[in-house]
Amino acid sequence: MTLLLNGAPREIAAKTLAEALSELGYAGRIVATAVNGDFVPARRRAEVALNEGDRIEVVAPMQGG
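In this report, the structure presented in the accompanying data block is examined. Remember, predicted model here, so these are calculated numbers, not experimental data.

## Focus on the overall build of the protein
Thought 1: Broken down by element type, the protein carries one helix and five strands.
Thought 2: The linear arrangement of helices and strands in the protein, starting from the amino end, is β-β-α-β-β-β.
Thought 3: The C-alpha radius of gyration of the protein comes to 11 Å, within 12% of the 11 Å expected for a compact globule of 65 residues.
Thought 4: If one aligns the C-alpha atoms of the protein with their principal axes, the spans along those axes are about 40 × 25 × 20 Å.
Thought 5: Counting all 65 residues of the protein, 34% fall into the buried class.
Thought 6: A separation of at least 24 residues holds for 53% of the contacts in the protein among residues at least 6 apart in sequence.
Thought 7: Counting every atom, the protein has about 4300 Å² of accessible surface; 53% of that belongs to carbon and sulfur.
Thought 8: For the protein, the distance from the average position of its 7 positive side-chain charges to the average position of its 8 negative side-chain charges is 6 Å.

Following this line, the structure appears as structure tokens:
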């Protein structure tokens, strides 16, 4: 299915947000996530089903100054 990841279209096979994060290379990383504008806490990612056209936002903390 095609989703928008941080505004860019991506084709993925994942059915849940947790699976999508793994497929997209975010597994094991500390990130904040939202689906269609709604914040999704880490403990709920496996419960959130994805649908064609969903908008996923992934934000990772960065160090620097």
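Past the structure itself, the notes keep going.
## Considering the pattern of salt bridges
Thought 1: Under the defined criterion, the tally for this structure stands at one salt bridge.
Thought 2: Residue R44 is joined to E47 by a salt bridge in which the shortest nitrogen-to-oxygen separation is 3.4 Å.
Thought 3: Looking at E47, the relative accessible area reads 57%, which means it is exposed.

## Observations regarding the sheet that holds strand β4 (residues 38-40)
Thought 1: Here five strands make up an open sheet; going across it, the order is β2-β1-β5-β3-β4 and the pairing mixed. The sheet is open, and its two edges are formed by β2 (8-11) and β4, each paired on a single side. Ignoring strand direction, the axes of neighbouring strands in this sheet form an average angle of 35°.

## Points about the environment of R10
Thought 1: In this structure, R10 sits in strand β2.
Thought 2: Here the alpha-carbon distance between R10 and G53, two residues 43 residues apart in the chain, equals 9.7 Å.
Thought 3: Not counting the four nearest positions on each side in its chain, R10 is found in contact with M1, T2, L3, L5 and L24.

About the cut-offs
- Residues numbered from 1 in each chain as written.
- Predicted model: local features only at pLDDT ≥ 70, side-chain atom pairs only at ≥ 80, totals over all residues.
- Heavy atoms only, no water.
- Helix = DSSP H or I, 4+ residues; strand = E, 2+ residues; numbered from the N terminus.
- Rg over C-alpha atoms; globule rule 2.2 N^0.38 Å.
- Buried < 20%, exposed > 50% of the residue type's maximum accessible area, 1.4 Å probe, protein only.
- Contact = heavy atoms within 4.5 Å.
- Areas by Shrake-Rupley, 256 points an atom, 1.4 Å probe, with all protein chains shown as cover.
- Lys, Arg positive; Asp, Glu negative; His and termini not counted.
- Charge placed at Lys NZ, Arg CZ, Asp CG, Glu CD.
- Salt bridge = Lys/Arg side-chain N within 4 Å of Asp/Glu carboxyl O.
- Pairing = 2+ DSSP bridges.
- Axes fitted to C-alpha atoms, helices over the stretch in contact; angles between N-to-C directions.

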